[in-house]
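# Working through the structure, step by step
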Amino acid sequence: MRVLIVDDQVLLRHGLRKLLEFEDGIEVAGDVGDGVEALEFLAESEALPDVALVDARMPRMDGLTLIERMRQEYPDVPAVVLTTFDDDDIIFGCLRAGARGHLLKDVPPEELVSALQRVVRGETVLGTAAAERLVASLGGGQGPATPAEPAGSAEPAGPRPESPLSEREWEVARMIGAGATNREIARGLFITDGTTRNHVTNILRKLGLRDRTRLALWVREQGADGS
């Protein structure tokens, strides 16, 4: 796994390089100080890195702008935000820009390495702070739906927006937006776990989304998460 480090703090950048190079199976492709240098590095690279570890706030070009540019110009290089900031603007802004993860800089080294590996495998990773913010925003601060009162099984939250989803798929999507697990969805809609998994797979495919996190964000943007 080849990693590009993008951070304007020299000491932290070099510390991350040493930490990652100590791990088996990881090579640091390069370390640069801001988004401008990152794009220059990518443009000159004979072999692109497998993942980029990006700070949120940097001079000249910040992490959000860099991630947007990378999504357009280097879509095969996923970005993980590593920052000291956990406010909503940064978390949701970076995810909407195309980041595949958000971690705080106090994350334990083993969790950082695991997160990078998971992102390279195609997953989205969120640290505890980002996950709590996401759940709170999607569920109105009430946490995931429970089997007794599954999201989407009571009163409708409004008309279904124009989308390729069937009525049943839209019900499943709304429940995911409210934080329900597959088992909670299955119990709330009186369907099997396997049928639920099939619905989730079809929803992601139809909407062109990578995972449940992005689906939850999509539902939230439709204003139909029940909050």
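Below is a summary of the structure that appears in this document. (Residues numbered from 1 in each chain as written. Predicted model: local features only at pLDDT ≥ 70, side-chain atom pairs only at ≥ 80, totals over all residues. Heavy atoms only, no water.)

### What about the overall build of the protein chain?
Our working rule: Secondary structure follows DSSP: runs of H or I at least 4 residues long count as helices, runs of E at least 2 residues long count as strands, and numbering of each begins at the N terminus. The rule is simple: take the accessible area with a 1.4 Å probe, protein chains only, and divide by the maximum for that residue type; under 20% is buried, over 50% is exposed, in between is partly exposed. Whether two residues touch is decided by their heavy atoms; if any such pair falls within 4.5 Å, the residues are in contact. Exposure was quantified through the Shrake-Rupley algorithm and a 1.4 Å probe, taking into account, for residues, occlusion by the shown protein chains and nothing else.
Scanning the protein chain from terminus to terminus reveals 10 helices and 6 strands. Within the span of the protein chain, comprising 227 residues, buried residues form 47% of the whole. Looking at the protein chain alone, contacts between residues at least 24 apart form 66% of all its contacts between residues at least 6 apart. Summing over all exposed atoms, the protein chain offers an accessible surface of approximately 11300 Å²; the carbon and sulfur share of this is 48%.

### Quick word on the sheet that holds strand β2 (residues 27–32)
Strand-to-strand pairing in sheets goes through backbone hydrogen bonds, with the strands running parallel or antiparallel. This is how the line gets drawn: Two strands form a pair only when DSSP identifies at least two bridges running between them.
Read from one edge of the open sheet, 6 strands run β2-β1-β3-β4-β5-β6, paired in parallel fashion. Strand pairing shows two members of the sheet lacking a second neighbour, β2 and β6 (125–126), which therefore form its edges. The pairing of strand β4 (residues 79–83) with strand β5 (residues 101–104) spans 4 bridges and is parallel. Pairing of threonine 83 across the sheet is with leucine 104, part of β5.

### Section: the pairing of β4
Counting buried residues along β4, 5 of its 5 residues qualify, which places the element largely inside the surrounding structure. Of the two faces of β4, the one lined by Ala79, Val81 and Thr83 and the one lined by Val80 and Leu82 are each fully buried. Examined bridge by bridge, strand β3 (residues 51–54) and β4 share 3 bridges and lie parallel to one another. The residue bridging leucine 53 from the neighbouring strand is valine 80, located in β4.

### Regarding the side chain of threonine 83
Heads up, the condition is: Polar contact is defined as a pair of N or O atoms within 3.5 Å, subject to the rule that within protein one atom must be able to donate a hydrogen and the other to accept it, and that residues adjacent in sequence are counted only when both atoms are side-chain atoms.
Within the secondary structure, threonine 83 is located in strand β4. Looking at threonine 83, the relative accessible area reads 0%, which means it is buried. A polar side-chain atom of threonine 83 sits 3.0 Å from the main-chain amide nitrogen of phenylalanine 85. Contacts of threonine 83, omitting those with residues within four sequence positions, involve Asp55, Ala56, His102, Leu103, Leu104 and Lys105.

### Quick word on the environment of leucine 20
Within the secondary structure layout, leucine 20 lies in helix α1 (residues 10–21). C-alpha of leucine 20 to C-alpha of glutamate 110: the two residues are 90 residues apart in sequence and 9.9 Å apart in space. Setting aside anything within four residues of it in sequence, one finds leucine 20 in contact with Val3, Ile5, Ile26, Val28, Val113 and Leu116.

### Some words on the environment of aspartate 24
Secondary-structure assignment places aspartate 24 in the loop between α1 and β2. Residue aspartate 24 is classed as exposed on the basis of its relative accessible area of 73%.

### Topic: the packing of helix α9 (residues 193–207) against helix α10 (residues 212–222)
Convention followed: An axis is simply a line fitted to the C-alpha atoms; with a helix, the fit covers only the stretch in contact. Between two such axes, the angle follows the N-to-C directions and lies from 0 to 180 degrees. Note on terminology: angles under 35 degrees are roughly parallel, angles over 145 are roughly antiparallel, angles of 65 to 115 are roughly perpendicular, and the others are oblique. In a left-handed crossing the near helix is turned counterclockwise from the far helix by less than a right angle, and in a right-handed crossing that turn is clockwise. Charged residues are taken to be Asp, Glu, Lys and Arg, nonpolar residues to be Ala, Val, Leu, Ile, Met, Phe, Trp, Tyr, Cys and Pro, and polar residues to be all remaining types, Gly included.
The geometry of α9 relative to α10 is characterised by a closest axis approach of 11 Å and an angle of 70 degrees between their N-to-C directions. Relative to α10, the element α9 is oriented roughly perpendicular. For the pair α9 and α10, the crossing hand works out as left-handed. Along its contact with α9, which presents Val200, Ile203, Leu204 and Leu207, the element α10 presents Arg212, Leu215 and Trp218. Taken together, the residues of the contact of α9 with α10 break down into 6 nonpolar, no polar and 1 charged.

Just geometry here; none of it tells us what the structure is for.
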